[in-house]
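# Secondary and tertiary structure notes
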Amino acid sequence: MLILAAVIFALVAVLVIYGIVRYRARDGAALPTQIFGSRKAEITWTVIPIVIVTVLFVFTVRTMAFVDAPREPADQPDVTITGHQWWWEARYANGAVAVQEIHIPVGRRLLARIEAADVIHDFWVPQLARKMDAVPGRSGYIWLEANAPGTYEGRCSEFCGMQHAWMHFTVIAEPEPQFSAWLQRQAEPPREPEAGLPVVGGRLFREEKCTDCHAVSATDTQPRKGPPLAHIAGRKLLGGDIPNSPANLARWTVNPQSIKPGNRMPNQRLSNADTLALTAYLESLR
Ligand code: CUA
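Residues numbered from 1 in each chain as written. Predicted model: local features only at pLDDT ≥ 70, side-chain atom pairs only at ≥ 80, totals over all residues. Heavy atoms only, no water.

### Topic: the sheet that holds strand E2 (residues 87-92)
Spatial strand order, E3-E2-E1-E5-E8: 5 strands in an open sheet with mixed pairing. Edge positions in the sheet fall to strand E3 (97-99) and strand E8 (140-144), since each has one partner strand and no second. Adjacent strand axes in the sheet meet at a mean angle of 25°, parallel and antiparallel pairs treated alike. Of the pairings in the sheet, the one linking strand E5 (residues 110-116) to E8 comprises 5 bridges and is antiparallel in character. Bridge assignment links Ala112 to a residue of E8, and that residue is Ile142. (Pairing = 2+ DSSP bridges. Helix = DSSP H or I, 4+ residues; strand = E, 2+ residues; numbered from the N terminus. Axes fitted to C-alpha atoms, helices over the stretch in contact; angles between N-to-C directions.)

This is the structure:
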């Protein structure tokens, strides 16, 4: 399209310049011949654009058929990506769940279903795929594919509330063996702690009703308000906004609104001792 447009632009520019120079006003020169109505010219400048637009249309339709995932695919998606205020959740066919970090294999396209849990979001990884709105109660499908390994930045591209600007995520493309290993690991439930502070924290986690909003086991697929925490110690915190350290986990647990104002996590008013235990428990979830 760009090449065609460039050729047309060049042609028109040359003709305009030629006309300006060739027919410019000169001392003593008569007015150039004036032409009124020309069937030949009319037909020419109607037919040529029709041909050009038709060619572009055919190429566009072909490209769309290749680029767009089917609207209602017969197959189950490889991954279902759900937008929440304000994080992205990716659920894979084998039960693996990822938060904010979506892994894909290099050179193989995944069929991704895009959904929303609360308000409208928009899933966008500029380097990998087209945009797709995430609309509550509806599903959109896109192909997610990378030709080279790497980390690709994604953005929520539909205003969705206070933290919209920070609703970013990453897509990590890695060779097939690494991808399968990751997928396998991610589907496994984390090891429950056996002794010490993490055990106390685990008990608190259940008593304080953290489980109402957060799943811990990878096999727990019940939809919840908050992100699953199955492998929280091994991933980035808030999509990398703050380093994943015990201190930051504690800060978040004590007063989540101080870190990300407007988020849905309530302040549980935990004592220092409880915070320490909870943090130790979360740190054990790898
Ligand atoms: Cu989600 Cu903007």
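### Points about helix H7 (residues 272-284)
Between its first and last C-alpha, H7 extends 19 Å over 13 residues, near the 18 Å set by a 1.5 Å rise per residue. Within the span of H7, buried status applies to Thr275, Ala277, Leu278, Thr279, Ala280, Tyr281 and Leu282. Lining the buried residues of H7 we find helix H4 (197-207) and helix H5 (246-254). (Expected span 1.5 Å × (residues − 1). Buried < 20%, exposed > 50% of the residue type's maximum accessible area, 1.4 Å probe, protein only. Contact = heavy atoms within 4.5 Å.)

### Quick look at the pairing of strand E10 (residues 168-174)
When you tally the buried positions in E10, you get 7 out of 7 residues, the bulk of the element. Because side chains alternate across E10, one face comprises the buried residues His168, Thr170, Ile172 and Glu174, and the other comprises Phe169, Val171 and Ala173, equally buried. Where strand E4 (residues 101-105) lies against E10, 5 bridges are found, and the strand directions are parallel. Bridge assignment links Ile102 to a residue of E10, and that residue is Val171. The sheet contact formed by strand E9 (residues 150-156) and E10 spans 6 bridges and is antiparallel. Bridge assignment links Arg155 to a residue of E10, and that residue is His168.

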